[in-house]
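Chain by chain, the residues run as shown.
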Amino acid sequence: MLQAGAAAGFLATAGGPTVAAAAAFEPQIDPRLKARALLALAARRSSVQKADVIGIADFSRPSGEPRFFVLDVMSGRVTRHHVAHGRGSDPGHVGWLQSFSNEYDSLATSRGAYVTGDYYTGKYGYSLRLSGLDRTNSNAEGRAIVVHSAWYAEPEIAREQGKLGRSEGCFAFSAASHAEILSRLGPGRLLYADKV
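All of the points below concern the structure found in this document.

What counts, and where the lines are drawn
Residues numbered from 1 in each chain as written. Predicted model: local features only at pLDDT ≥ 70, side-chain atom pairs only at ≥ 80, totals over all residues. Heavy atoms only, no water. Core = buried A, V, L, I, M, F, W, Y, C linked by side-chain atoms within 4.5 Å. Buried < 20%, exposed > 50% of the residue type's maximum accessible area, 1.4 Å probe, protein only. Helix = DSSP H or I, 4+ residues; strand = E, 2+ residues; numbered from the N terminus. Contact = heavy atoms within 4.5 Å. Phe/Tyr/Trp six-rings, centres within 6.5 Å; stacked < 30°, edge-to-face > 60°. Pairing = 2+ DSSP bridges. Axes fitted to C-alpha atoms, helices over the stretch in contact; angles between N-to-C directions.

### Description of the nonpolar core
Step number 1: Judged by nonpolar contacts, the single largest core of 21 residues is most densely connected at F59, F68, V147, F171 and L191.
Step number 2: Contributions of two or more residues to this core are made by β1 (53-58), β2 (68-72), β5 (125-132), β7 (171-173), α5 (175-185) and β8 (190-194).
Step number 3: With three residues, α5 is the single largest residue contributor to this core.
Step number 4: The residues touching F68, leaving out its near neighbours within four places in the chain, are G55, I56, A57, T79, R80, H81, V83, F173, I181, L185 and L191.
Step number 5: The next biggest cluster of nonpolar side chains, apart from the first, holds 18 residues, and it includes I29, L33, V48 and L71.

Next comes the structure, spelled out in structure tokens:
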């Protein structure tokens, strides 16, 4: 409750919606996770250049569901996307993230606040670098944790298998979602990942 109030206060001081309007945001994001993400945005403003749009990964949900949310902070507009988690976070490939890790060679997803960096072309094509802002994801750059597209993150995989494939800890999206996320999330914005 305190977190949600603080997040709404941040929005109000940032010229955003009132507390009542903030409460009316698209309900599909778990309100506890949204409050944490907005608090992270307020706390990391010196590291995050743009506060208009944030990405929120809800790893409480199975990979077969769209569980990555792109939130327009001012309007409350939300889009949902499938996102894969790391194989080290789900060793049995059951489709649920079992644990987070920030360790090198863990192949796991890390929790916490990230800031999006530069675009580059790499192993998985056009991608977006990430820097971890918390002790729980501080190795993101060294581990090459990025936003990229992958065949195993396509919605058809979720429909056919009931779950997505797994990444090596990166945020892997379908081609269509990847295009939207790169254009809307872009460099200098917050990406927040956690479970509730």
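### Side note on the packing of aromatic side chains
Step number 1: Tallied over the full model, the rule gives six aromatic pairs.
Step number 2: Ring centres of F59 and F171 lie 6.2 Å apart, and the angle between their planes is 40°; this geometry places the pair in the tilted category. Here F59 is found in the loop between β1 and β2, whereas its partner F171 is found in strand β7, with 112 residues between them in sequence.
Step number 3: The buried category is assigned to F59, whose relative accessible area is 1%.
Step number 4: Pairing Y114 with F171 gives two aromatic rings, centres 5.4 Å apart and planes at 85°, and the pair type is edge-to-face.

### Structural notes on α5
Step number 1: Of the positions making up α5, those classed as buried are S177, H178, I181, L182, R184 and L185.
Step number 2: Count one or two residues on from α5 and you reach G186, which has phi positive near 45°.

### Examining the sheet that holds strand β6 (residues 146-149)
Hydrogen bonds between backbone atoms are what pair the strands of a sheet, whose relative direction is either parallel or antiparallel.
Step number 1: Reading across from one edge, β3-β2-β1-β8-β4-β5-β6-β7 is the order of the eight strands in this open sheet, with mixed pairing throughout. Two strands in the sheet have a free side with no partner beyond their single neighbour: β3 (78-81) and β7. Across this sheet, the average inter-strand angle for adjacent strands is 25°, counted without regard to direction.
Step number 2: In the sheet, strand β4 (residues 112-122) pairs with β8 via four bridges, with the strands oriented antiparallel. Bridge pairing links G112 to A193 in β8.
Step number 3: Strands in contact with helix α3 (residues 31-43) are β1, β2, β4 and β8; relative to β8, the strand with the most contacts, it is inclined by about 140°.
Step number 4: In this fold α5 packs onto β1, β2, β3, β4, β5, β6, β7 and β8, with an angle of close to 140° to the strand it touches most, β6.

Remember that the coordinates give geometry; whether it matters functionally is a separate question.
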